2 protein chains.
Amino acid sequence: MPEQTTGSRPTLEAVAARAGVSRATASRVVNGGAGVRRPLVDKVRQAVEELGYVPNHAARTLVTRRNGAVAVIIAEPEFRIFSDPFFEQQVRGISRELTAHDSQLVLLWVEGPGDHDRIARYLGGGHVDGALAFSLHNDDELPSIISRVKVPTVFGGRPGWPGATSGLALPYVDCDNRGGAREAVRHLVSLGREHIAHIAGPRDQTSALDRIDGYRDVLLDADPDLVSQGDFTVESGARAMAELLERRPGLDAVFASNDLMASGALRTLRERGLRVPDDVAVVGFDDMASVVESTDPPLTTVRQDIEGMGRLMVRLLMRVLNEGEQHTGAPASVITPTTLVRRASA
Amino acid sequence: MPEQTTGSRPTLEAVAARAGVSRATASRVVNGGAGVRRPLVDKVRQAVEELGYVPNHAARTLVTRRNGAVAVIIAEPEFRIFSDPFFEQQVRGISRELTAHDSQLVLLWVEGPGDHDRIARYLGGGHVDGALAFSLHNDDELPSIISRVKVPTVFGGRPGWPGATSGLALPYVDCDNRGGAREAVRHLVSLGREHIAHIAGPRDQTSALDRIDGYRDVLLDADPDLVSQGDFTVESGARAMAELLERRPGLDAVFASNDLMASGALRTLRERGLRVPDDVAVVGFDDMASVVESTDPPLTTVRQDIEGMGRLMVRLLMRVLNEGEQHTGAPASVITPTTLVRRASA
DNA sequence: CTGAAAGCGCTAACAT
DNA sequence: ATGTTAGCGCTTTCAG
C-alpha cells in the first residue's frame, strides 16, 4: 500500500469552532441535523460550506462499524464474464442503487481458486458491509466461502447447492425462470402448435433447469425426444435444432432456453429451408438486445428486467443489513416477474 | 447506509494480551515484524492465528491516512463502454496489480454530468488513495474535475487537453500510438506498396490523432485524398474504404486506425472483388482478439499490451503516491511499445 | 436542546 | 528490542 494520500482536510472540530458550537452539535447537523435548532443548524451548515468540510470516512466507520461499501464479487470461470452484456446491465443496476444508498461498490475479481483465500480474508475482514455475488455454476465454491465468513450476501440468480445439504439458505434475486418458460410455451400452445420442442441450457445452471421445468409444467406428457441439450451458445443452439429436426421432423415450434441458442436454431431452420414462424415458431429467453434485434425474423422472447434485478439485489442486501442481529432467520429471496415479448418469430 | 455490519472481532489488544506483549509489539509483528525478536514474533503470530485476528481497516486508515483503495472511474458517454473487450482487459490488469499492492478497487461509474458532483465529492473526500481514469474524449470533463479535487490520478490513454491551457499535466499510460502507426506504414512500404491510404479514427481521441501522425511521419508527402475519416466502428471503416476507393482507385494498401475499421474495410474490399493482400494490403491497430481472428484473411495489425497497460497504470499511481509531498513535479507518464503482428492481410 | 467526555482500534513517537 | 502514551476524527451516551 502507498505511504501517503489525502492532504489534511478540515475536521469536524474546525467546523464546530467556526460555527461556535460543540463538536457534538456539529456532528448532529452533519448527520441530518435532527434535534438541533435552526439557527445553529444554519451556522454549522455555513461553516461546513466555507471550510469545504467532508467527513472522514475512516473515523466514522471506526465508531459506527459500518463502512458504506459493498463488495461485488465477479468470478471468472470462463472468458468474458465481464464483457457479457447481461452482466453489464446487472452491475449497472447495482451501481445505481448502491449510489442511492450512499454505498460504494468495491469490485472483487476472482480469477480462480487461488484467489479464494484472499477473498475470504477480505470479506471476513469487515472491509465491506455486505457482498453481492452471482451464481454461475452449481459447483462454484463461492457460496460456501461466503457462508463461512458470514458476510451478509445476496446472490444474483438462484445458487445451485454445493452445500444444499449443509442447509445454508442464501438469499438471492432471480427472475421467474420457470414461470417465464411456462408463459413462452403456453404462447406456443395458444398459437395452435402441437409439437413443441425445447432446447435446454447447461444442466449445472439453475436458470436452465428452472426453464426446462417450466416447459414440462405445460407439456406434462412431453415427448423426451423433443428436448435437446445446448450450452447457451449460438452454436449449441444450431446443433440442438438440427438434432431435433432429425428426431422429430414434424415439430412445429421450439422454445430455446436463451436467445443465443434461439438464434442458432433460427440459423439451422433457415438452412433447412424451413420458414419461421410458418413452419416452426421460435421463442427465446432473456430478451438480450444485441441478439433479439438482429435476428431474422425478430425473436419473440421472454424478457427479464436485468438492471432491476441488480437494484433489487442491493435493496435486499440493505434490508438484511438493517435487520441486524435480530431477524437472523433465513432472509427471503425475491423472484422478479418476466414478460413475454412478442415479435415475429412466434 | 446500513446500520449494522461486522460482528465484533478480536482487537490487537486481545492479541497482545494473549501473546503477553504490548499492543505496540503486536502491531509491529502484524505489520511485518521488523525489529522484533523471534520468540515474540512467533508468540504474536500464534495469538493472531488462534484468535483469527484481522486488523481493523478503518482504525488503521484513521491513523496512517492511507486506505488501501483506489478508484477506477468508468465514464459512460456511450453505450457498452463496460463490455468493451478492450476495457475489460485493462481493468483486469488493474485489478491484478492492485491486488499485488494490497489495494482495493473501488468502482466509480459515471453515467453523466449529473454524477460529476458525487464523484468530485467522493474523490475529494479522501475515500481512496488515488484514482485511475480513462481518457475517452477530448471534451471530457473528468480531467478537470480530477485536477480540481487534487486526488492523485493516472489516466489510461493520453488525455486530450480540455485544460491544456491551464497547464495541468496529468500522468498517463498509453501505448506508442504514433510509433506503432509508423511501424505499420513502414511495413506496408517494405511490401512495395506505393499508394498507402489511411482510415482515421475520431478526431477527438488522442490515440487516433497520434496514429494519423505516425502515418504522416512515414508518408511525409501523403496525398490528402488518401486519408478518410472513420469513427472506430466497423461500419465507418467500410464506408471510409468505399470513399477511398472512389477517390483513389489505384491505392494498394490501407492502414486503419483500429481493427474494427480494418474489418469494415476488408468487407468493402471483398464486395468490390478486390483481393487482400494481393490487390490491397490491410493493416489494423489494437490486435483485438475477437476481430482479428475472425477476419478473412486474418488481419495484420499493431498489438498493444492492454492488460500490461492496466498494470502500469497502477504502478505509476503507486509511485506517485509514494513520492508523497516531495516530488510534486510533473510525474512522468509512460508509453508502452507496440509490436506489429503479421498475419495474412499484409 | 446542547455540551463534555469517553472511546472505536490502531500506529508512531518517545521512553526505557 | 519492547513498552508507554498520545492521539487519528468521529459518534454517542450522559449531564446539564
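Our structure's up above, just so we're on the same page.
Residues numbered from 1 in each chain as written. Chains lettered and ligands numbered in written order. Predicted model: local features only at pLDDT ≥ 70, side-chain atom pairs only at ≥ 80, totals over all residues. Heavy atoms only, no water.

A.B. asks: I tried to follow the overall build of chain A on my own but got confused; where do I start?
C.D. replies: Across its full length, chain A carries 13 helices and 12 strands. Relative to the 2.2 N^0.38 estimate, which gives 20 Å for 346 residues, the radius of gyration of chain A is 26 Å and therefore markedly larger than a compact globule would have. On the principal axes, the C-alpha backbone points of chain A span a range of 85 × 40 × 40 Å. When the 346 residues of chain A are sorted by exposure, 54% land in the buried category. Of the contacts formed within chain A by residues at least 6 apart in sequence, a portion of 71% connects residues at least 24 apart. In the form shown here, chain A has an accessible surface area of approximately 15200 Å², with 49% of it arising from carbon and sulfur atoms. Looking at charge distribution, chain A has the averaged site of its 39 positive side-chain charges lying 8 Å from that of its 46 negative ones. (Helix = DSSP H or I, 4+ residues; strand = E, 2+ residues; numbered from the N terminus. Rg over C-alpha atoms; globule rule 2.2 N^0.38 Å. Buried < 20%, exposed > 50% of the residue type's maximum accessible area, 1.4 Å probe, protein only. Contact = heavy atoms within 4.5 Å. Areas by Shrake-Rupley, 256 points an atom, 1.4 Å probe, with all protein chains shown as cover. Lys, Arg positive; Asp, Glu negative; His and termini not counted. Charge placed at Lys NZ, Arg CZ, Asp CG, Glu CD.)

A.B. asks: Would you mind going over the protein's contact with DNA strand D with me for this structure?
C.D. replies: Inspection of the region around DNA strand D gives 28 residues, with Leu 12, Arg 23 and Tyr 53 of chain A together with Arg 37 and Arg 65 of chain B positioned closest. Counting only atoms of DNA strand D within 4 Å of the protein, the fraction found in sugar and phosphate groups is 64%. Ser 27 of chain A is positioned with one of its side-chain polar atoms (N or O) 2.8 Å from a phosphate oxygen of DNA strand D. Of all the elements in the fold, those that place two or more residues in the surface near DNA strand D are helix 2 (23-30) and helix 4 (57-64) of chain A together with helix 2 (23-30) and helix 4 (57-64) of chain B. When residues of the surface near DNA strand D are assigned to their parent elements, the largest contribution, 5 residues, is made by helix 4 of chain A. (Near = heavy atom within 4 Å. Polar contact = N/O pair within 3.5 Å; in protein donor to acceptor, adjacent residues only side chain to side chain.)

A.B. asks: Help me out: how do you make sense of the environment of Tyr 172 of chain B in this one?
C.D. replies: Summarising the element assignment, Tyr 172 of chain B is placed in strand 5 (residues 172-175). If we skip the residues at most four places from it in the chain, Tyr 172 of chain B touches Val 154, Phe 155, Gly 157, Arg 158, Pro 159, Leu 316, Ser 333, Val 334 and Ile 335 of chain B.

A.B. asks: I'm lost on the sheet that holds strand 6 (residues 196-200) of chain A in this one. Help?
C.D. replies: Two modes of strand pairing occur in sheets, parallel and antiparallel, and in both the strands are linked by backbone hydrogen bonds. Residues and elements named next belong to chain A. Strands sit in the order 7-6-8-9 across an open sheet of 4 strands; the sheet is parallel. For this open sheet the edge positions go to strand 7 (227-229) and strand 9 (281-283), each flanked by a neighbour on one side alone. Within the sheet, the average angular offset between the axes of one strand and its neighbour, ignoring direction, is 20°. Pairing of strand 6 with strand 8 (residues 253-256) involves 4 bridges; the strand directions are parallel. When the sheet's bridge partners are listed, Ile 199 is paired in strand 8 with Ala 256. Its contacts with the sheet place helix 11 (residues 259-271) against strand 6, strand 8 and strand 9, and it is angled at close to 160° to strand 9. (Pairing = 2+ DSSP bridges. Axes fitted to C-alpha atoms, helices over the stretch in contact; angles between N-to-C directions.)

A.B. asks: Is there a simple way to explain helix 5 (residues 85-100) of chain A in this structure?
C.D. replies: Working note: α-helix, 3.6 residues per turn, so residues spaced by three or four point in the same direction. Relative to the 22 Å expected for 16 residues at 1.5 Å per residue, helix 5 of chain A spans 23 Å between its end C-alpha atoms, a close match to the ideal helical length. Just downstream of helix 5 of chain A lies Asp 102 of chain A, where phi reads positive at about 60°. (Expected span 1.5 Å × (residues − 1).)

A.B. asks: Can you help me understand unusual backbone geometry in this one?
C.D. replies: Backbone phi values are negative for most residues with the exception of glycine, while trans is the configuration of most peptide bonds. All names here are of chain A. Put simply, Asp 296 and Pro 297 share a cis peptide bond, and its omega is 0°. For Pro 297, the position within the fold is in the loop between helix 12 (289-292) and strand 10 (301-304). Positioned with a positive phi, Asp 287 is a non-glycine residue whose angle comes to about 55°. Along the chain, Asp 287 falls in the loop between strand 9 and helix 12.

A.B. asks: Mind showing me how you'd approach the protein's contact with DNA strand C here?
C.D. replies: As a matter of local geometry, DNA strand C sits amid 28 residues, with Arg 28, Arg 37 and Arg 65 of chain A together with Leu 12 and Tyr 53 of chain B nearest to it. Take Tyr 53 of chain B: an N or O atom from its side chain is 2.3 Å from a phosphate oxygen of DNA strand C. Within the backbone of Ala 59 of chain B, one N or O atom sits 3.4 Å away from a base nitrogen of DNA strand C. Considering each element in turn, the surface near DNA strand C owes the most residues, 5 residues, to helix 4 of chain B. Counted by class, the surface near DNA strand C contains 13 nonpolar, 8 polar and 7 charged residues. (Nonpolar A, V, L, I, M, F, W, Y, C, P; charged D, E, K, R; others polar.)

A.B. asks: For this particular structure, what's the right way to read the pattern of salt bridges?
C.D. replies: If charged atoms from side chains of opposite charge come close, those side chains can pair. Residues and elements named next belong to chain B. In the structure shown here, the tally under the stated rule is 46 salt bridges over all chains. Across the pair Arg 178 and Asp 213 runs a salt bridge whose closest N-O atoms are separated by 3.9 Å. Of this pair, Arg 178 sits in helix 8 (residues 177-190) while Asp 213 sits in helix 9 (residues 206-218), and the two are 35 residues apart along the sequence. Owing to a relative accessible area of 35%, Arg 178 belongs among the partly exposed residues under this scheme. (Salt bridge = Lys/Arg side-chain N within 4 Å of Asp/Glu carboxyl O.)

A.B. asks: Explain the packing of aromatic side chains here, please?
C.D. replies: Centre distance and the angle of the planes are the two values used to describe a pair of aromatic rings. In this structure the tally under the stated criterion is 4 aromatic pairs over all chains. Between the aromatic rings of Phe 255 of chain B and Phe 285 of chain B, the centroid separation amounts to 6.4 Å while the plane-to-plane angle is 50°, which identifies the pairing as tilted. Separated by 30 residues along the polypeptide, Phe 255 of chain B in strand 8 (residues 253-256) and Phe 285 of chain B in the loop between strand 9 (281-283) and helix 12 (289-292) bring together distant segments of the chain. The ring of Phe 285 of chain A is capped by Arg 211 of chain A, whose NZ or CZ atom sits 3.7 Å from the centre of that ring. (Phe/Tyr/Trp six-rings, centres within 6.5 Å; stacked < 30°, edge-to-face > 60°. Lys NZ or Arg CZ within 6 Å of the ring centre and 35° of its normal.)

A.B. asks: Where do I start with the environment of Ala 47 of chain B in this structure?
C.D. replies: Residue and element names in this part refer to chain B. Checked against the element boundaries, Ala 47 lands in helix 3 (residues 38-51). Taking the relative accessible area as the measure of exposure, Ala 47 reaches 2% and is therefore buried. As a C-alpha pair, Ala 47 and Arg 303 span 256 residues in sequence and 51 Å in three-dimensional space. In this view, Ala 47 contacts Val 15, Arg 18 and Ala 19; residues no more than four positions away in its chain are not counted.

A.B. asks: For this particular structure, what's the right way to read the packing of helix 1 (residues 12-19) of chain A against helix 2 of chain A?
C.D. replies: Between two packed helices, both the angle of their axes relative to each other and the distance between the axes serve to describe the pair. Residue and element names in this part refer to chain A. Viewed as axis vectors pointing N to C, helix 1 and helix 2 meet at an angle of 105°, and their least axial separation amounts to 8 Å. With respect to each other, helix 1 and helix 2 are oriented roughly perpendicular. Residues Leu 12, Glu 13 and Ala 16 of helix 1 touch helix 2, and the partners they reach there are Arg 23, Ala 26, Ser 27 and Val 30. Taken together, the residues of the contact of helix 1 with helix 2 break down into 4 nonpolar, 1 polar and 2 charged. (Parallel < 35°, antiparallel > 145°, perpendicular 65-115°, else oblique.)

A.B. asks: Is there a simple way to think about the nonpolar core in this case?
C.D. replies: Side chains of a nonpolar character, in soluble globular proteins, are inclined to be buried together. Leu 123 of chain A together with Leu 123 of chain B are the most contacted members of the largest nonpolar core, which totals 170 residues. Ala 16, Ala 26, Val 36 and Val 44 of chain B belong to the second-largest nonpolar core, a separate cluster that totals 13 residues. (Core = buried A, V, L, I, M, F, W, Y, C linked by side-chain atoms within 4.5 Å.)

A.B. asks: I'm lost on the environment of Ala 17 of chain B in this one. Help?
C.D. replies: Residue and element names in this part refer to chain B. Note on placement: Ala 17 falls in helix 1 (residues 12-19). By relative accessible area, Ala 17 is classed as exposed at 60%. In the structure, Ala 17 is positioned 318 residues away from Ile 335 in sequence and 52 Å away in space, judged by C-alpha atoms.

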